[in-house]
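So the chains spell out like this:
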Amino acid sequence: MLCWLNRLHGALSAPTGRIAHLRPSSLRRRLALSSQRRIPEFSSFVARTNTCGELRSSHLGQEVTLCGWIQYRRQNVFLVLRDSHGLIQVVIPQDEKMPTGEIEIKVKTAELLNSCKKLPFEIKDFVKKTEALRLQYRYLDLRSFQMQYNLRLRSQMVMKMREYLCNLHGFVDVETPTLFKRTPGGAKEFVIPSREPGKFYCLPQSPQQFKQLLMVGGLDRYFQVARCYRDEGSRPDRQPEFTQIDIEMSFVDQTGIQSLIEGLLQYSWPSDKDPVVVPFPSMTFAEALASYGTDKPDTRFGMKIVDISNVFRNTEVGFLQDALSKPQGTVKAMCISEGAKYLKRKDIESIRKFAADHFNQEVLPIFLKANRNWNSPVAKSIMEEQRSGLTRLMEIQEDDVVLLTAGEHKKACSVLGKLRLECADLLEARGLVLRDPALFSFLWVVDFPLFLPKEEKPEKLESAHHPFTAPHPSDVQLLYSEPEKVRSQHYDLVLNGNEIGGGSIRIHDAELQRYILAELLKEDVKLLSHLLQALEFGAPPHGGIALGLDRLICLVTGAPSIRDVIAFPKSFRGHDLMSNAPDSLPPEELKPYHIQVSWPADSEAKKSSLNQPYCPES
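Criteria and cut-off values
Residue positions within a chain follow its written sequence, with the count starting from 1. The model is predicted, so local features are restricted to residues of pLDDT at least 70 and side-chain atom pairs to those at 80 or more, both for listing and for counting; the totals for chains, interfaces and linings are taken over all residues. Only hydrogens and water are set aside; all other atoms, that is, all heavy atoms of the structure, feed into the side-chain values. Nonpolar core, defined: a set of buried Ala, Val, Leu, Ile, Met, Phe, Trp, Tyr and Cys residues in which side-chain atoms within 4.5 Å join the residues together. Each residue gets one of three labels from its accessible area relative to the maximum for its type: buried under 20%, exposed over 50%, partly exposed in between, using a 1.4 Å probe on protein chains only. Secondary structure counts use DSSP, requiring at least four H or I residues in a row for a helix and at least two E residues in a row for a strand, with both numbered from the N terminus. We call two residues in contact when some of their heavy atoms are within 4.5 Å. Along the chain, pLDDT gives the predictor's confidence residue by residue, from 0 to 100. Pairing between two strands is assigned when DSSP locates at least 2 bridges connecting them. Axes, fitted as lines to C-alpha atoms, cover a helix only where it is in contact. Angles between the N-to-C directions of the axes lie from 0 to 180 degrees. A carboxyl oxygen of Asp or Glu within 4 Å of a side-chain nitrogen of Lys or Arg is what we treat as a salt bridge. Small angles under 35 degrees read as roughly parallel and large ones over 145 as roughly antiparallel, with 65 to 115 read as roughly perpendicular and the rest as oblique. Gly falls in the polar group here, along with every residue not listed as nonpolar (Ala, Val, Leu, Ile, Met, Phe, Trp, Tyr, Cys, Pro) or charged (Asp, Glu, Lys, Arg). Crossing handedness follows the turn of the near helix against the far one: under a right angle anticlockwise gives a left-handed crossing, and clockwise gives a right-handed one. Helices are assigned an expected span. That span is 1.5 Å times one less than the residue count. The directions from the helix axis to the C-beta atoms are what the arc is built from. Distance and chemistry together define a polar contact, namely a pair of N or O atoms within 3.5 Å, with one atom able to donate a hydrogen and the other to accept it when in protein, and with adjacent residues in sequence counting only for side-chain atoms on both sides.

Focus on the nonpolar core
Then comes step 1: One finds Ile247, Ile261, Leu265, Phe442, Leu493 and Leu552 to be the most contacted residues of the largest nonpolar core, which totals 53 residues.
Then comes step 2: Considering every element that reaches this core, the biggest residue donor is helix H4 (residues 145–169), with 7 residues.
Then comes step 3: Not counting residues within four places of it along the chain, the set of residues in contact with isoleucine 247 comprises Leu165, Phe171, Lys211, Tyr222, Phe223, Leu260, Ile261, Leu264, Gly544 and Ile545.

Set out below in structure tokens:
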């Protein structure tokens, strides 16, 4: 396909020839926000008089200048011109459809601004492209209507957020440094060499320390559209560099932060979506784990986890007896409504294998129908023994399937929480609609534990959120006796099963902060001496939150990945396929930073690969 960049000058006329009708772009209508007081002027300061998507029959007779790419060309007479706002048909005068369909442009002059070689893919949303190809030619992928919609909606939501925070509530937009130092705990950080031997900067995971220091400095309402960095592999909802709406306030409590964020989202929400209803419901961490098996539950559908331990207190089934005899031992179950109608035997086997492979946990499917031969002998004995109690407690119907597991409370809940989502995927693949894509279900999760046992050393503690999170006022005394039982003033905002924000009330007392760092987390307090010193100078009580902007926009637009709402994202492996970053540097450029690359045993193969033609990821 060939494409040209053109500037056209001509007069509008009503179409007289019969041509194929193209559906007009509704981009501007989709992006218009209800609270806008005026329509933006998209053609100010440039050579065009109008965009390709705005002309209608009301413009008949006017002379216009348009700029854009030629999308189609037919018989050197009819051209379809495209820009980021829509399509318009242009006629090279002979005989004289799009809403722009009611009108077309009769050309007086046409100027070719640039030529275009054969495109690697057609700029059409319905044309399938691999993600690697899209990222390699990202500047072309950005021309698609979907990418244009995503990025323009992102821009408008951020603008409305700025307006809400700064103009309506007196927040101050402050830029914080990108070059910082290592922070204890948390994710891995990107390391930046300096010209001083052995000394390095780190890119911040978030502006956490700086925004607390701003509170000490008297800027009691701060926000920033902040760039953050984590040296982790990419996932569909994560990038090594990402953007968050970062907020901090002095003299605030948890309720104040939650009310602020609810108002912020309600004010900035796109007008083409159902309005945001506030206040958002709230659930404790313990409740979320017990009912949904996760701290970020998707509340758009049921299938809640139920504790059925009491039903089996006197059971003679061996593995249930063993589980209930141990500390924290429970029997948990989840009912899959109409599962017997929609799930096949291979689905049930896949579910059991998933639980065994990922959790080393046995999951037992139980069917009420006596003629269902999938029931194992153990399942049949369970049903003979406890059928009525189980049916009554879980309100089981004839075609339902019950998944049962036994073991330690957290582990049993976690495996059923994962299977809840797996079963939802299977049922939706069979035609059931459990998770309405047009529904936005917000939820606050609160009362998280302050500490968790370290995975590699369970006898030691690490922060569940970060080391600056304040303990729950009711649990402060437990810090000195049973710190693992302390709840925190940490809160997460969840949308449709995705964490889109997290925050906390901070520790503003220097001695308490020092005790938690040194005595409980065993961290080197010298790394945070600047913060501890600042807290000693009358730091006000303060708290805040950060919203993950990329993830939020991804959910709002229905995009399959956050890479679809970022202009120039990294690949799944953290690479820029367009520019081939990260890239190597010659030794002479590394010398001022006192760095020498040490190659592994297969160094010759790796060194030679640096000189090979670039091959994008599959």
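Brief notes about the confidence of the model for the chain
Then comes step 1: Here the chain averages 87 in pLDDT, while 88% of its residues score no lower than 70.
Then comes step 2: Per-residue pLDDT stays below 50 along residues 16–36; that stretch engages in 49 contacts with residues further than four places along the chain or on separate chains.
Then comes step 3: Note on residues 608–618: pLDDT under 50 across the span, and 10 contacts to partners over four residues away in sequence or across chains.

Some details on the sheet that holds strand S14 (residues 363–367)
Then comes step 1: The antiparallel open sheet is built from 4 strands, whose spatial order is S12-S13-S15-S14. On the outer flanks of this sheet lie strand S12 (305–307) and S14, each paired with one strand and no other. Looking at each pair of strands side by side, their axes are set apart by 30° on average, direction ignored.
Then comes step 2: Pairing analysis gives 8 bridges linking strand S13 (residues 329–336) to strand S15 (residues 401–408), with the strands arranged antiparallel. Residue pairing across strands places isoleucine 336 opposite valine 401, the latter belonging to S15.
Then comes step 3: Sheet strands touched by helix H10 (residues 345–359): S14 and S15. Its angle to S14, the strand with the most contacts, is close to 155°.

Examining the pattern of salt bridges
Then comes step 1: Considering all chains together, one arrives at 29 salt bridges under this definition.
Then comes step 2: The salt bridge partner of arginine 134 is aspartate 564, with a shortest N-O separation of 2.8 Å. Of this pair, arginine 134 sits in helix H2 (residues 131–136) while aspartate 564 sits in the loop between helix H15 (549–557) and helix H16 (587–590), placing them 430 residues apart in sequence. Like arginine 134, the residue aspartate 564 is buried in the burial classification.
Then comes step 3: A salt bridge links lysine 570 to glutamate 241, with the nearest nitrogen and oxygen atoms 2.3 Å apart.

Things to note about the sheet that holds strand S21 (residues 542–548)
Hydrogen bonds between backbone groups are what pair the strands of a sheet, and the pairing can be parallel or antiparallel.
Then comes step 1: Here we have 8 strands laid out as an open sheet, ordered S6-S9-S10-S21-S20-S19-S16-S11, and mixed in their pairing. Among the strands making up the open sheet, the edge pair consists of strand S6 (172–173) and strand S11 (282–284).
Then comes step 2: Taken strand by strand, helix H5 (residues 208–216) contacts strand S9 (221–229), strand S10 (241–250) and S21, and its axis lies near 25° from that of S10.

Overview of the packing of helix H7 (residues 285–292) against helix H12 (residues 409–429)
Angle between the axes and distance between the axes: these two values describe a pair of packed helices.
Then comes step 1: The N-to-C vectors of H7 and H12 enclose an angle of 60°; their axes lie 7 Å apart at closest approach. When the axis of H7 is compared with that of H12, the two are oblique. Each of Leu289, Ala290 and Tyr292 in H7 lies in contact with H12, whose residues at this interface are His409, Lys410, Cys413, Ser414, Gly417 and Arg420.
Then comes step 2: Of the residues in the contact of H7 with H12, the class split is 4 nonpolar, 3 polar and 2 charged.

Things to note about the environment of glycine 293
Then comes step 1: Its location among the elements puts glycine 293 in the loop between H7 and S12.
Then comes step 2: Note: C-alpha distance between glycine 293 and lysine 410 (117 residues apart in sequence) is 7.8 Å.
Then comes step 3: If sequence neighbours within four positions are ignored, glycine 293 has contacts with Ala288, Ile305, Cys413, Ser414 and Gly417.

Here's the deal with the environment of alanine 412
Then comes step 1: Looking at the secondary structure, you find alanine 412 in helix H12.
Then comes step 2: Placed 51 residues apart in sequence, alanine 412 and glutamine 361 show a C-alpha to C-alpha distance of 7.8 Å.
Then comes step 3: Ignoring anything within four residues of it in the chain, the contact list for alanine 412 reads Thr330, Lys332, Gln361, Thr405 and Gly407.

A look at the packing of H4 against helix H6 (residues 254–268)
Then comes step 1: Axis separation between H4 and H6 bottoms out at 8 Å; the angle between their running directions is 130°. Here H6 runs oblique to H4, going by the angle between their axes. Crossing handedness for the pair H4 and H6: right-handed. Taking contact as the criterion, the partners of Met157, Lys160, Met161, Glu163, Tyr164, Leu165 and Leu168 in H4 are, on H6, Leu260, Gly263, Leu264, Leu265, Tyr267 and Ser268.
Then comes step 2: Of the residues contributing to the contact of H4 with H6, the split by class is 9 nonpolar, 2 polar and 2 charged.

Overview of H10
Then comes step 1: Between the first and last C-alpha of H10 there are 21 Å, a value that for 15 residues agrees with the 21 Å anticipated at 1.5 Å per step.
Then comes step 2: Those residues of H10 that sit buried are Asp347, Ile348, Ile351, Phe354, Ala355 and Phe359. Take H10 and look down its axis: the buried residues cluster within an arc of 120°, on one side only. Away from its buried face, by an angle of more than 90 degrees, H10 presents the exposed residues Lys346 and Lys353.
Then comes step 3: Looking at the buried side of H10, the elements it contacts are helix H9 (339–342), S14, S15 and H12.
Then comes step 4: Phi turns positive, to about 50°, at asparagine 360, one or two residues after H10.

What to know about the side chain of threonine 315
Then comes step 1: By the secondary structure assignment, threonine 315 is in the loop between S12 and helix H8 (318–324).
Then comes step 2: In this structure the side chain of threonine 315 is engaged in a polar contact, spanning 3.0 Å, whose partner is the backbone nitrogen of valine 317.
Then comes step 3: Beyond its immediate stretch of four places on either side in the chain, threonine 315 contacts Leu320, Gln321 and Glu385.

Notes on the pairing of strand S2 (residues 63–74)
Then comes step 1: Note that S2 and strand S3 (residues 78–83) share 5 bridges and pair antiparallel. Bridge pairing links arginine 73 to leucine 79 in S3.

Quick look at the side chain of serine 84
Then comes step 1: Residue placement: serine 84 occurs in the loop between S3 and strand S4 (86–91).
Then comes step 2: Exposure remark for serine 84: the relative accessible area of 15% places this residue in the buried category.
Then comes step 3: In terms of polar contacts, serine 84 uses its side chain to reach the side chain of arginine 152, at 2.7 Å.

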